[in-house]
Amino acid sequence: MTRKDMPMLTAKNLQEFEAILGKDRVRTSKEELLSYAYDAYVEEYQPEAILFPKTADEVSQIMKVASAQRISITPRGAGSGLAGGSLAKKGGVVICLTMMNRILEVNKPNRYAVVEPGVVVSEFQKEVEKVGLFYPPDPGSATVATMGGTVQMNAGGMRGIKYGVTRDYLLGLEAVLPSGEIIQTGSQTAKDVTGYDLTRLLCGSEGTLAVVTRITVKLLPKPKARRTLQAIYNTIDQAGNTVARIVEEGIIPATLELMDKMIIKALEDYAHLGLPQDAEAVLLIEVDGDPEAVEKQAAIIAEFCRGQGARDVRVSQTEKESEQLWVARRGAFGAVARMRPTCVVEDATVPVSYLTRAIKEVITIAQRNQVQIAVLAHAGDGNLHPLVLCDLRDKEEMKRVDKAMDELVDYALSVGGVLSGEHGIGLAKAKYLSRQLTPQTLNLMRNLKNTFDPQGILNPGSFLERAS
Ligand SMILES: Cc1cc2nc3c(=O)[nH]c(=O)nc-3n(C[C@H](O)[C@H](O)[C@H](O)COP(=O)(O)OP(=O)(O)OC[C@H]3O[C@@H](n4cnc5c(N)ncnc54)[C@H](O)[C@@H]3O)c2cc1C
């Protein structure tokens, strides 16, 4: 990617930013520029400065300087994105929102909260749970990911099957346009159909339309009880059939996660959790809600697991046991990522009835292309996470990885699936965008981008520019 059309940052630009933020919050040391050159994707782009605003007004002033001089601005939360969205693809400035990290209001009677974008998701969840409320979006990265980052990626997570994704909890936003103007979208009410739904347009826009500076989310009452089940299988089919059986029966668990053999082995090597290394699949299932209903559902699901051939089924009896069962799933990414120098996380999503076929297809694609792929899945909503283990420095291997990804994308689309269920397009999937979206749809998206950002200064080089 070249940056020929964006000017380099000048000493005068830096002085202007320092006048807004003070020297302390304008960082240009070699070490920091290098640290901010990465997220959880595999490419590297160094910014020329990193700015840490603390208010929407500071963001607005930064944007005014940037738009007057066509400086490229890339918003960033925790940098845990898996698609390269927070990287300064054309240099310029990274605007990091982590110092805007206050929870401004938790309103119990009206069940909403207002937060700044740099609040970490799991910290927010803990705070609202203290007053008996519940914020369901639960990405695997919740202990680091920011509320702003999850809004911009429309992050999902393990509870997607029952509770949906970030979009489903968004009520309103405050955001700064590339021009520096500050806009408000949505409201604090449960219902609001006033004009276009700009809140939803900004959600999932991957930092390309505006910088989010305040977020209003709706909250639910905290479920009174939960039970976690772990079922171990000798075949992927048995695990897949269990998922199908649960879905058919109309039970909606809070989570329904699948891990394949390679993940089980990686976890055992890493954390010695006592999972059998000859098993082909593990399902982790959680039900939550009213205590009586939870007991009933857990018993029915345990029966389904056994009925489909699970060789071992454990049901948590206490909160502590539930937590212990989740240790495996939470450690899965880390355990697998240790196995090779590079781990590319895929995210294609298929209609749930194709889940087993899709997992088998991933295994066939891996064998055909001689690449190593472990499979995690948010099985209840058909969201696959094939983890491609490779070495970025090995050009021949990366060609095979590329081909495998290509085939995987084509398979998902051929059965009515999508390129990404929750990790976004970013740099990772831009080249496939036109396989899912028509030229007319892509054109409308480009026109929208142009309306928000006529100079193209916000997150330049991102998915729409890279799409073929
Ligand atoms: C181990 C691991 C597990 C993960 N599990 C999940 C999962 O289960 N589900 C899931 O959906 N994702 C998951 N992710 C991906 C990632 O954590 C999410 O995409 C998350 O939403 C990113 O949040 P962040 O704060 O790190 O954002 P960043 O990575 O910093 O930024 C993400 C995007 O948002 C933009 N952005 C950030 N803040 C703002 C703002 N205030 N205004 C405007 N634009 C902004 C950036 O420009 C970028 O395009 C996982 C990642 C890892 C490493």
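Given the structure is predicted, the values throughout are model-derived calculations rather than measurements.

Quick look at the sheet that holds strand β5 (residues 103-107)
Thought 1: Strand order in the open sheet formed by 5 strands is β5-β6-β10-β8-β9, with antiparallel pairing between adjacent strands. Only two strands of the sheet have a single neighbouring strand rather than two, namely β5 and β9 (182-186). Put simply, the sheet's adjacent strands are angled 10 degrees from each other on average, direction ignored.
Thought 2: Relative to strand β10 (residues 211-218), strand β6 (residues 112-115) is paired through 4 bridges, and the arrangement is antiparallel. Within β10, the position partnered with V115 by the bridge is I215.
Thought 3: Relative to the sheet, helix α3 (residues 56-69) contacts β8 (170-176), β9 and β10, its axis offset from that of β8 by approximately 45 degrees.
Thought 4: The sheet strands contacting helix α4 (residues 121-129) are β5, β6 and β10, and the helix crosses β5 at an angle near 35 degrees.

A word on the sheet that holds strand β13 (residues 255-260)
Thought 1: Within the open sheet, the 7 strands sit side by side as β15-β12-β14-β13-β17-β18-β16. Their pairing is antiparallel. Each end of this open sheet is capped by a strand with a single partner; those strands are β15 (312-315) and β16 (342-345). Neighbouring strand axes in the sheet, compared pairwise and without regard to direction, differ in orientation by 15 degrees on average.
Thought 2: Strand direction decides the pairing type here: β13 and strand β17 (residues 372-378), joined by 3 bridges, are antiparallel. Bridging from a neighbouring strand, E257 pairs with H378 of β17.
Thought 3: The sheet contacts of helix α9 (residues 261-271) involve β13, β14 (281-289), β17 and β18 (383-390), and relative to β13 the element is tilted by about 85 degrees.
Thought 4: Helix α10 (residues 291-307) contacts β12 (225-233), β14 and β15 of the sheet and is inclined by roughly 5 degrees relative to β12.

Let's talk about the nonpolar core
Thought 1: Among the nonpolar cores identified, the biggest contains 59 residues, and Y233, L283, I285, I301, C305 and L433 are the most heavily contacted of them.
Thought 2: When residues of this core are assigned to their parent elements, the largest contribution, 8 residues, is made by helix α13 (residues 395-414).
Thought 3: Those residues within four positions of L283 in sequence are excluded, and the remaining contacts are L229, Q230, A231, Y233, A239, T242, V243, L256, E257 and L258.
Thought 4: In this structure, F134, M147, Y163 and F452 belong to the second largest nonpolar core, which totals 30 residues.

Structural notes on the packing of aromatic side chains
Aromatic ring pairs are described here by two measures, namely the spacing of the ring centres and the angle between the planes.
Thought 1: Evaluated as defined, the whole model comprises 4 aromatic pairs.
Thought 2: With 6.1 Å between their ring centres and 85 degrees between their planes, Y36 and F52 make a pair best called edge-to-face. One end of the pair, Y36, is in the loop between α2 (30-35) and β2 (49-51); the other, F52, is in the loop between β2 and α3, and 16 residues separate them in sequence. Each member of the pair, Y36 as well as F52, carries the same accessibility label: buried.
Thought 3: Taking 6.1 Å as the distance between ring centres and 75 degrees as the angle between the ring planes, the aromatic pair formed by Y135 and Y169 counts as edge-to-face. With Y135 in the loop between β7 (133-134) and α5 (147-153) and Y169 in the loop between α6 (160-163) and β8, this residue pair connects regions lying 34 residues apart in the sequence.
Thought 4: Exposure remark for Y169: the relative accessible area of 5% places this residue in the buried category.
Thought 5: The structure contains a cluster of three or more aromatic residues connected by ring pairs, namely F124, Y135 and Y169.
Thought 6: K218 extends its terminal NZ or CZ atom over the ring of Y169, reaching a point 5.7 Å from the ring centre.
Thought 7: Between the NZ or CZ atom of R245 and the centre of the ring of F304, over which it lies, the distance is 4.3 Å.

A short note on the pattern of salt bridges
Thought 1: Under the criterion given, the structure shown has 33 salt bridges.
Thought 2: Residue E319 is joined to R226 by a salt bridge in which the shortest nitrogen-to-oxygen separation is 2.8 Å. You can see E319 sitting in helix α11 (residues 319-337) and its partner R226 sitting in strand β12, a full 93 residues away along the chain.
Thought 3: Residue K261 pairs with E280 through a salt bridge whose shortest N-O separation is 3.3 Å. Pair noted here: K261 is in helix α9 and E280 is in the loop between α9 and β14, with a separation of 19 residues, a long-range link.
Thought 4: One salt-bridge network, held together by shared partners, links R226, E286, E319, E323 and R330.

A closer look at helix α12 (residues 355-369)
Thought 1: Under the 1.5 Å per step criterion, the end-to-end length of α12 is 21 Å for 15 residues, consistent within 8% with the ideal 21 Å.
Thought 2: Of the surrounding elements, those touching the buried residues of α12 are α8 (236-249), β13, β17, β18 and α13.
Thought 3: Positive backbone phi, at 50 degrees, marks Q370, one or two positions downstream of α12.

Conventions used here
In this numbering scheme, every chain counts its residues from 1 along its sequence in written order. The predicted nature of this model means local features are confined to residues of pLDDT at least 70 and side-chain atom pairs, given and counted, to a pLDDT of 80 or more, with totals for whole chains, interfaces and linings taken over all residues. The basis for the side-chain values is all heavy atoms of the structure; hydrogens and waters are excluded. Paired strands, in this sense, are two strands between which DSSP finds at least two bridges. Secondary structure elements are defined from DSSP: runs of H or I of at least 4 residues count as helices, runs of E of at least 2 residues count as strands, and each element is numbered from the N terminus. To define axes, lines are fitted to C-alpha atoms, for helices over the stretch in contact only, and angles between the resulting N-to-C directions are given on a 0 to 180 degree scale. Only heavy atoms enter the contact rule, under which two residues are in contact if any of them lie within 4.5 Å. As used here, the term nonpolar core means buried Ala, Val, Leu, Ile, Met, Phe, Trp, Tyr and Cys residues forming a set that is joined through side-chain atoms within 4.5 Å. Residue exposure (1.4 Å probe, protein chains only): buried if accessible area is under 20% of the type maximum, exposed if over 50%, otherwise partly exposed. Aromatic rings from Phe, Tyr and Trp, taking only the six-membered ring of Trp, are treated as a pair when their centres fall within 6.5 Å; an angle between ring planes under 30 degrees marks them as stacked, one over 60 as edge-to-face, and anything in between as tilted. Criterion for a charge above a ring: Arg CZ or Lys NZ at most 6 Å from the ring centre, at most 35 degrees from the ring normal. Throughout this description, the term salt bridge denotes a Lys or Arg side-chain nitrogen within 4 Å of a carboxyl oxygen of Asp or Glu. To estimate how far a helix should reach, multiply one less than its number of residues by 1.5 Å.

So, to be careful, I would describe these as geometric facts and stop short of saying anything about function.
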